[in-house]
Amino acid sequence: MTRLARIPFAAEALLVLVVIAAFFAFPYNLAFVTRILIMVLFVLSIDLVLGFAGIATLGQAAMYGTGAYAAGLFAVHVTAAPLPGLVVGMVAGAILAVVSGLVLMRTKGLTLIMLTIAVAQICHEIANKARDVTGGADGLRGIRMEPVLGLFEFDFIGRTAYWYVSVVVFVVFLALRRLAAAPLGLSLRGIHESPERMTAIGAPVYRRQVLAYTLGGGIAGIAGALAAQVTQLVSLEVYSFTLSAEALIMLILGGTGRLWGAIVGTVLFMTVHHVAASADPFNWLFLIGFLVLGVVFFLPGGMIRLPAALMRLGRRS
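What counts as what
Residue indices begin from 1 for each chain and proceed along its sequence in written order. In view of the model being predicted, local features appear only for residues whose pLDDT reaches at least 70, and side-chain atom pairs are presented and counted only at 80 or more, with totals across whole chains, interfaces and linings using the full set of residues. Hydrogens are left out, water is left out, and the side-chain values use all remaining heavy atoms of the structure. Both cavities and pockets are sets of points on a 1 Å grid over the protein atoms alone; in a cavity a 1.4 Å probe fits but cannot get out, in a pocket the set is open with protein on both sides within 12 Å along at least five of seven lines, and lining residues sit with an atom within 4 Å of a point. Grid points are joined across faces, edges and corners, and a volume is the space filled by probe spheres set on the points. Going along the chain from the N terminus, every DSSP run of H or I of four or more residues is numbered as a helix, and every run of E of two or more is numbered as a strand. In this scheme, a helix's expected span is set at 1.5 Å multiplied by one less than its residue total. Partly exposed residues are those whose accessible area sits between 20% and 50% of the maximum for their type, while under 20% is buried and over 50% is exposed, using a 1.4 Å probe and protein chains only. Contact criterion: two residues are considered in contact whenever any of their non-hydrogen atoms come within 4.5 Å of each other. Here a polar contact means two N or O atoms within 3.5 Å. Within protein one must be a hydrogen donor candidate and the other an acceptor candidate, and residues neighboring in sequence count only if both atoms are side-chain atoms. The nonpolar core is taken to be a set of buried Ala, Val, Leu, Ile, Met, Phe, Trp, Tyr and Cys residues, with the residues joined through side-chain atoms within 4.5 Å. For this analysis, a ring pair means two rings from Phe, Tyr or Trp (six-membered ring only for Trp) whose centres lie within 6.5 Å, classed as stacked if their planes differ by under 30 degrees, edge-to-face if by over 60, and tilted for the remaining angles. By definition, being over a ring means that NZ of Lys or CZ of Arg is both within 6 Å of the ring centre and within 35 degrees of the ring normal. What pLDDT reports is the predictor's confidence in each residue, on a scale of 0 through 100. The axes are straight lines fitted to the C-alpha atoms, using for helices just the contacting stretch, and the angles between their N-to-C directions are given from 0 to 180°. Orientation is classified from the angle alone, with under 35 degrees giving roughly parallel, over 145 giving roughly antiparallel, 65 to 115 giving roughly perpendicular, and any other angle giving oblique. A crossing counts as left-handed when the near helix is turned anticlockwise from the far one by less than a right angle, and as right-handed when that turn is clockwise. For this classification, the nonpolar set comprises Ala, Val, Leu, Ile, Met, Phe, Trp, Tyr, Cys and Pro, the charged set comprises Asp, Glu, Lys and Arg, and every other residue, Gly included, is treated as polar.

A. Local environment of the layout of surface pockets. By volume, the largest pocket amounts to about 830 Å³. Along the wall of the largest pocket there are 33 residues; nearest its centre are Arg 35, Met 39, Tyr 64, Ala 227 and Thr 231. A total of six residues in the lining of the largest pocket trace back to one element, the largest contributor, which is helix α3 (residues 30-52).

Written out as structure tokens, the structure is:
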């Protein structure tokens, strides 16, 4: 991936090829592949927050769920056009992130992690109690989406949903690639490595952490909005701790701070989950546990480092 990064637009071209290949390879499993793409977007939001800025979080589902409910309610009460709903989900996730981030970014360590979880749980309770608005435990129903751009209707097989989500993921991935190479992205990496040193050279660490958390919240809101539009249902599970924890495991499996790691980890986790849970619904988590242990002990940089590790092993032999 390091050599690939040196070739202009090579990563973007590879992502496009992977998306096209998946469409033809799994024509009858497009709903599952679309779910993977939505989770890729969600994990990318965590990668921006944790992998780039070093902000530990287990409550990213707060922004994901808020984006999902905002887009769902917008479709039910305002307009069912997908793109405006996507913007509403992004804005909702970003607003929650900036409001909570102003407080959360003044803490660190275990306190920060616990507060991020608390924010998600508060959102869960609000959605549960506001039954007249959100549907409570029954979920928000009645979402019916209009054709994308007024031209492409959502079909039963899921072709339109697949391409719609793919384009959104590609645009966000492209934006994050540019951000990673921009001064803001480089300063976030510096904050990740040493906040004290960045403070000493005059960098506004607190403001940039809030900005990174807000951007991550906006991306998580987009992922939630896509989930609401594609499934046409929003339940309380969008705020679950399990969602945030599994997304974090996906990022660890793939590798933090590299963008491609989020993609690789998500595809690996969800594929193993899908296959193993079908074979053994009760013990599939053991396999995930072994995968995580293997990555932590033998590939600390994540599965994204596997090709380089194999090349080094080949040179030694």
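B. Local environment of helix α6 (residues 109-129). Helix length check: α6, at 21 residues, gives a terminal C-alpha distance of 31 Å against a target of 30 Å (1.5 Å per residue), a fit within 8%. By the burial criterion, the buried members of α6 are Leu 112, Thr 116, Ile 117, Val 119, Ala 120, Cys 123, Ala 127 and Asn 128. Elements that come into contact with the buried residues of α6 comprise α4 (61-77), α5 (82-104), α7 (131-134), α11 (205-231) and α12 (241-254).

C. Broad picture of helix α2 (residues 10-25). Taking 1.5 Å as the rise per residue, α2 with 16 residues should run 22 Å; its terminal C-alpha atoms sit 22 Å apart, in good agreement. When we look at burial in α2, the residues that qualify are Ala 10, Ala 11, Glu 12, Leu 15, Val 19, Ala 22 and Phe 23.

D. Representation of the side chain of Ser 244. Inspection of the secondary structure puts Ser 244 in helix α12. Only 2.9 Å separates the side chain of Ser 244 from the backbone nitrogen of Ala 61, close enough to count as a polar contact. If we skip the residues at most four places from it in the chain, Ser 244 touches Ile 46, Leu 58, Gly 59, Gln 60 and Ala 61.

E. Molecular detail of the nonpolar core. Among the nonpolar cores identified, the biggest contains 96 residues, and Leu 41, Phe 42, Tyr 64 and Leu 226 are the most heavily contacted of them. With 16 residues, α3 is the largest single contributor of residues to this core. Each residue touching Leu 41, except ones within four places of it in the same chain, is listed here: Val 168, Val 169, Val 172, Ile 219, Ile 222, Ala 223 and Leu 226.

F. Representation of the packing of aromatic side chains. All chains considered together, the criterion is met by eight aromatic pairs. Ring geometry for Phe 42 versus Tyr 64: centroids 4.9 Å apart, planes at 50 degrees, classification tilted. Of the two residues, Phe 42 sits in helix α3 while Tyr 64 sits in helix α4, which places them 22 residues apart along the sequence. Take Phe 42 and Tyr 64: they sit in the same class, and that class is buried. Through a chain of ring-to-ring contacts, the aromatic side chains of Phe 23, Phe 24, Tyr 162 and Trp 163 assemble into a single cluster. Stacked on the ring of Tyr 206, the Lys or Arg Arg 106 has its end atom at 4.3 Å from the ring centre. Here the guanidinium or amino end of Arg 189 rests over the ring plane of Phe 52, the centre of that ring lying 4.2 Å away.

G. Just the side chain of Ser 187, in detail. Mapped onto the fold, Ser 187 is located in helix α9 (residues 183-193). Overall, Ser 187 belongs to the buried group, its relative accessible area being 7%. Other than its neighbours up to four places away in sequence, Ser 187 contacts Met 198 and Arg 208.

H. The confidence of the model for the protein, seen in detail. The predicted model of the protein averages 90 in pLDDT, with 97% of residues at 70 or higher. The weakest mean pLDDT in the protein belongs to helix α1 (residues 2-6) at 53; the strongest belongs to α5 at 97.

I. Summary view of the environment of Leu 112. Positionally, Leu 112 belongs in helix α6. Taking the C-alpha atoms as reference points, Leu 112 and Val 267, separated by 155 residues in sequence, lie 28 Å from one another. In contact with Leu 112, not counting residues within four places along its chain, are Ile 55, Ala 56, Leu 104, Met 105 and Thr 107.

J. Structural detail: the packing of α12 against helix α14 (residues 284-298). Where α12 meets α14, the closest approach of the two axes is 9 Å, and the angle between their N-to-C directions is 40 degrees. Put simply, α12 runs oblique to α14. Crossing of α12 against α14: the hand is left-handed. Residues Glu 246, Ile 249, Ile 252 and Leu 253 of α12 form the contact with α14, whose own contacting residues are Trp 284, Ile 288, Leu 291, Val 292 and Val 295. Tallied by class, residues from the contact of α12 with α14 come to eight nonpolar, no polar and one charged.

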